[in-house]
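This is what each chain is made of:
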Amino acid sequence: MGAGALTKDVEPAGAERQRWLALAEKALAGASFEEKLVSHTDDAIRIEPLYDRVSGAEPLVRTNPRSPWIVSQRVDDPNVDRAKAQVLDDIAQGATGLSLVFEGAPNAFGYGLPRTAQALETVLEGVPLNRIQIRIDTHPWSRPMADWLVAFLSKRRSDPAKLNLSFGIDPAAILAGTGRLRMSIEALQESMPQSLAHFFSMGVPGVLLEADGRVFHNAGATEAQELGIMLASAVSYLRMFEKARQPLVYAAPHIGFALSVDQDQFLSMAKVRALRRLWARVQEACSIPNSTANIHAETSFRMMTALDPETNILRTTISCFAAAAGGADSISVLPHTIAHGLPAPFARRVARNAQLIMANESHVDHVADPAYGSGAVEALTADLCEAAWAELQAIEAEGGVLSSLRDGQIQQRVRTAAARRDAAFKAGERAIIGTTLYPQKSERPVETLDAEQRPAFTEGVVLCEPLFPVRIDQSIGAAS
């Protein structure tokens, strides 16, 4: 048999794609392929209509891939007794984590638990700490709160080394979200390593320092901006410990991340995956062993709408699935009525049950890195990594994340991105179901809890232009 007979039925590389392109061009009937079938993210990342499968990439998995992600319920009610009842109900109904959101936190959206040790102890009374993750949401007083929590654990005779804790200490998110820091940048950088040294000696296995991107996302940042700022925060922590001559190999596993996920399923999946890859790259650059990034994901506040709030359930469900499939370690779903006030029990239950159904009925957690090898998601992940690394380099050139925030440079880029996005919505190039597209004809009453919004945090010696959370429907004038 000749060589021609062996190869005559073998198609050249890319033949199937070429056939698809020919059919697509025919269906477009002269319309532009670029305009109709190619799209771009807010970071100008190109999204093709079709991708080939990728081989050779490494799967990106959660810190503990053998267990489901942690279903974390927000605890943000200013009424402590009501908050305590919520906590016990959430745990009884399947929640495996609690996010304690105190008044004055950038992510409290005007509410939050009273900032006292007594409030912390009251809401945690009766909680089975050995099987529930406790995370303190990023807060200006996160450092004393860490001491309150340790003191409470001592009263309970609980060994912190056997618990799953997150203390949520993040100076950059506080400076950005409140516009102020309680001490100078120099004093903070000098004092933090010594201040946290005893936590390392206790062997607490959780997150001490958190790089929180939610503040920036909810103010309008792009995906790459959010990732780049989180990386810059994490790098600033490593630099602090290096300057204090404390081994980075011990500090790195205690650095965690919190990010936002929205209704763009594939982009949100890629964002979670990109963060894992980027953190590994940072540790490699520091010549320390790779510790898997510990990632908390919360559904986007900026995507929530006041009109037709039930459509928020669809958006949060998509974003929750994206976080789970992307490999988040813990997930918090914002209740669908949050644009109207402090959510009532029904909205909280819907938020909690969305996660429980995905984990316990759909078994989304049974596959480690479901997007592994997907041409589209792998390409998005790689492109996000490159764009985020460029943002990190820009921030480093500006003197680091705290200096960049103090000088307003990060804020300027975030506001520019938000303005560009708002213009696209106003021009009809993008739409929000139930608000700008198929808007609700008449308003319906929305149940919320009776709670007054808390005053903003006003103490500080370092001041900057704050980045407050703004919903898209508010910024384009479509909110009721």
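What you see is a predicted model; the values in this text were computed from it and never measured. (Residues numbered from 1 in each chain as written. Predicted model: local features only at pLDDT ≥ 70, side-chain atom pairs only at ≥ 80, totals over all residues. Heavy atoms only, no water.)

> Sorry, what's going on with the overall build of the chain here?
What the chain contains, in helices and strands, is 18 helices and 12 strands. What you see for the chain is a C-alpha radius of gyration of 23 Å, in line with the 23 Å of a compact globule of 480 residues. Each of the three principal axes of the chain carries a C-alpha extent, and together these read 85 × 60 × 45 Å. Scored against the burial criterion, the 480 residues of the chain give a buried share of 54%. Sequence-distant contacts in the chain: of pairs separated by 6 or more residues, those separated by 24 or more amount to 79%. (Helix = DSSP H or I, 4+ residues; strand = E, 2+ residues; numbered from the N terminus. Rg over C-alpha atoms; globule rule 2.2 N^0.38 Å. Buried < 20%, exposed > 50% of the residue type's maximum accessible area, 1.4 Å probe, protein only. Contact = heavy atoms within 4.5 Å.)

> What is the right way to read the pairing of strand β4 (residues 97-100) from this model?
A regular strand carries its side chains on alternate faces of the sheet. The alternating pattern of β4 places Gly 97 and Ser 99 and Leu 98 and Leu 100 on opposite faces, both of which are buried. Bridging between strand β3 (residues 70-75) and β4 involves 4 bridges; their strand directions are parallel. The partner of Arg 74 across the bridge, within β4, is Ser 99. A crossover links β3 with its parallel partner β4, the connecting element being helix α4 (residues 80-92), and its sense is right-handed. Between the parallel elements β4 and strand β5 (residues 133-136), the chain passes through helix α5 (residues 117-124) in a crossover that is right-handed. (Pairing = 2+ DSSP bridges. Right-handed = clockwise from strand over helix to strand, strands pointing away.)

> How should I be thinking about the sheet that holds strand β10 (residues 294-299) in this particular structure?
In a beta sheet, neighbouring strands are held together by backbone hydrogen bonds and run either parallel or antiparallel to one another. Ordered by their spatial adjacency, 8 strands build a closed barrel running β3-β4-β5-β6-β8-β9-β10-β11, and the pairing between neighbours is parallel. Across the sheet, the mean angle separating the axes of adjacent strands is 30° when strand polarity is ignored. Of the strands in this sheet, β9 (255-261), β10 and β11 (330-332) are in contact with helix α13 (residues 311-326), which crosses β10 at around 170°. (Axes fitted to C-alpha atoms, helices over the stretch in contact; angles between N-to-C directions.)

> What exactly am I supposed to notice about α13 here?
An α-helical turn contains 3.6 residues, so any two residues separated by three or four positions project in the same direction. An ideal rise of 1.5 Å per residue puts 22 Å on 16 residues; α13 measures up with 23 Å between its terminal C-alpha atoms. Listed in full, the buried residues belonging to α13 are Thr 311, Asn 312, Arg 315, Thr 316, Ser 319, Cys 320, Ala 322, Ala 323, Ala 324, Ala 325 and Gly 326. Check the buried side of α13 and you find it contacts β9, α12 (265-285), β10, β11 and α14 (345-360). Downstream of α13 by a residue or two, Gly 327 has a phi angle that is positive, lying close to 105°. (Expected span 1.5 Å × (residues − 1).)

> I'm lost on the packing of α4 against α5 in this one. Help?
Between two packed helices, both the angle of their axes relative to each other and the distance between the axes serve to describe the pair. Interhelical geometry of α4 versus α5 gives an angle of 35° and a closest axis separation of 8 Å. Here α4 and α5 pass one another in a crossing that is right-handed. From α4, Val 80, Ala 83, Lys 84 and Val 87 reach across to α5, where they touch Ala 119, Thr 122 and Val 123. Its residues assigned to classes, the contact of α4 with α5 comprises 5 nonpolar, 1 polar and 1 charged. (Left-handed = near helix turned anticlockwise from the far one by under 90°. Nonpolar A, V, L, I, M, F, W, Y, C, P; charged D, E, K, R; others polar.)

> Can you walk me through the nonpolar core in this structure?
Generally speaking, nonpolar side chains in soluble globular proteins are found buried as a group. Leu 98, Leu 100, Leu 124, Ile 134, Phe 167 and Phe 257 are the most contacted members of the largest nonpolar core, which totals 113 residues. The element contributing the most residues to this core is helix α10 (residues 223-243), with 12 residues. Ignoring anything within four residues of it in the chain, the contact list for Phe 167 reads Ile 136, Ser 142, Ala 146, Leu 149, Val 150, Phe 199, Val 204, Val 207 and Leu 208. Counting residues in each nonpolar core, the second largest holds 6 residues, with Phe 109, Phe 301, Met 304 and Leu 334 among its members. (Core = buried A, V, L, I, M, F, W, Y, C linked by side-chain atoms within 4.5 Å.)

> Help me out: how do you make sense of the side chain of Asp 329 in this one?
With respect to the helices, strands and loops of the structure, Asp 329 is situated in the loop between α13 and β11. Of the polar contacts made by the side chain of Asp 329, one reaches the backbone nitrogen of Thr 63; its length is 2.7 Å. Those residues in contact with Asp 329, other than ones at most four positions away along the chain, are Arg 62, Thr 63, Asn 64, Trp 69, Ile 70, Arg 276, Ala 293, Asn 294 and Ile 295. (Polar contact = N/O pair within 3.5 Å; in protein donor to acceptor, adjacent residues only side chain to side chain.)

> Before we go on, may I ask you to explain a nonpolar patch on the surface in this structure?
Together, Ile 433, Leu 437 and Tyr 438 line one region of the surface with nonpolar side chains, adding up to about 320 Å² of accessible area. Checked against the element boundaries, Ile 433 lands in the loop between α17 (409-426) and β12 (462-463). Looking at Ile 433, the relative accessible area reads 44%, which means it is partly exposed. (Patch = residues over 30% accessible without salt bridge, like charges linked within 9 Å, V, L, I, M, F, W, Y side chains within 5 Å. Areas by Shrake-Rupley, 256 points an atom, 1.4 Å probe, with all protein chains shown as cover. Salt bridge = Lys/Arg side-chain N within 4 Å of Asp/Glu carboxyl O.)

> Before we go on, may I ask you to explain unusual backbone geometry in this structure?
Here Phe 109, not a glycine, exhibits a phi torsion of approximately 55°, which is positive. Along the chain, Phe 109 turns up in the loop between β4 and α5. The phi dihedral of Asp 369 is positive, around 55°, even though this residue is not glycine. Note on placement: Asp 369 falls in the loop between α14 and α15 (375-397).

> Explain the packing of α13 against α14 to me, please; I cannot follow it from the model alone.
The interhelical angle for the contact between α13 and α14, taken along N-to-C directions, is 40°, at an axis separation of 10 Å. In this view, α13 runs oblique relative to α14, as classed from their interaxial angle. Where α13 crosses over α14, the handedness of that crossing is right-handed. Together, Ile 313, Thr 317, Cys 320 and Phe 321 of α13 and Val 350, Ala 354, Gln 355 and Met 358 of α14 make up the contact between the two elements. In terms of residue class, the contact of α13 with α14 is built from 6 nonpolar, 2 polar and no charged. (Parallel < 35°, antiparallel > 145°, perpendicular 65-115°, else oblique.)

> Just to check I follow, could you spell out the pattern of salt bridges for this structure?
If charged atoms from side chains of opposite charge come close, those side chains can pair. Counted by the stated rule, this structure contains 31 salt bridges. Residues Arg 277 and Glu 378 are paired through a salt bridge, measuring 3.6 Å at the closest nitrogen-oxygen approach. Of the two residues, Arg 277 is situated in helix α12 and Glu 378 in helix α15; the sequence distance between them amounts to 101 residues.

> What should I look at first to understand the packing of aromatic side chains in this one?
The description of an aromatic ring pair uses the distance of the two centres, along with the angle that the planes make with each other. Tallying each qualifying case throughout the model produces 2 aromatic pairs. A ring pair is formed by Phe 109 and Phe 301, whose centres lie 4.0 Å apart and whose planes are at 15°; its orientation type is stacked. With Phe 109 in the loop between β4 and α5 and Phe 301 in the loop between β10 and α13, this pair connects stretches of sequence that are 192 residues apart. Given the relative accessible area of 12%, Phe 109 is considered buried. Overall, Phe 301 belongs to the buried group, its relative accessible area being 7%. Aromatic pair Phe 257 and Trp 279: ring centres 5.3 Å apart, planes at 70°, arrangement edge-to-face. Taken together, the residues Phe 257 in strand β9 and Trp 279 in helix α12 connect sequence positions 22 residues apart. Both residues of the pair, Phe 257 and Trp 279, count as buried. For Arg 115, the ring lying beneath its charged end belongs to Trp 141, and the centroid distance is 3.6 Å. Between Arg 281 and the ring centre of Trp 389, over which it is positioned, the NZ or CZ distance is 3.9 Å. (Phe/Tyr/Trp six-rings, centres within 6.5 Å; stacked < 30°, edge-to-face > 60°. Lys NZ or Arg CZ within 6 Å of the ring centre and 35° of its normal.)

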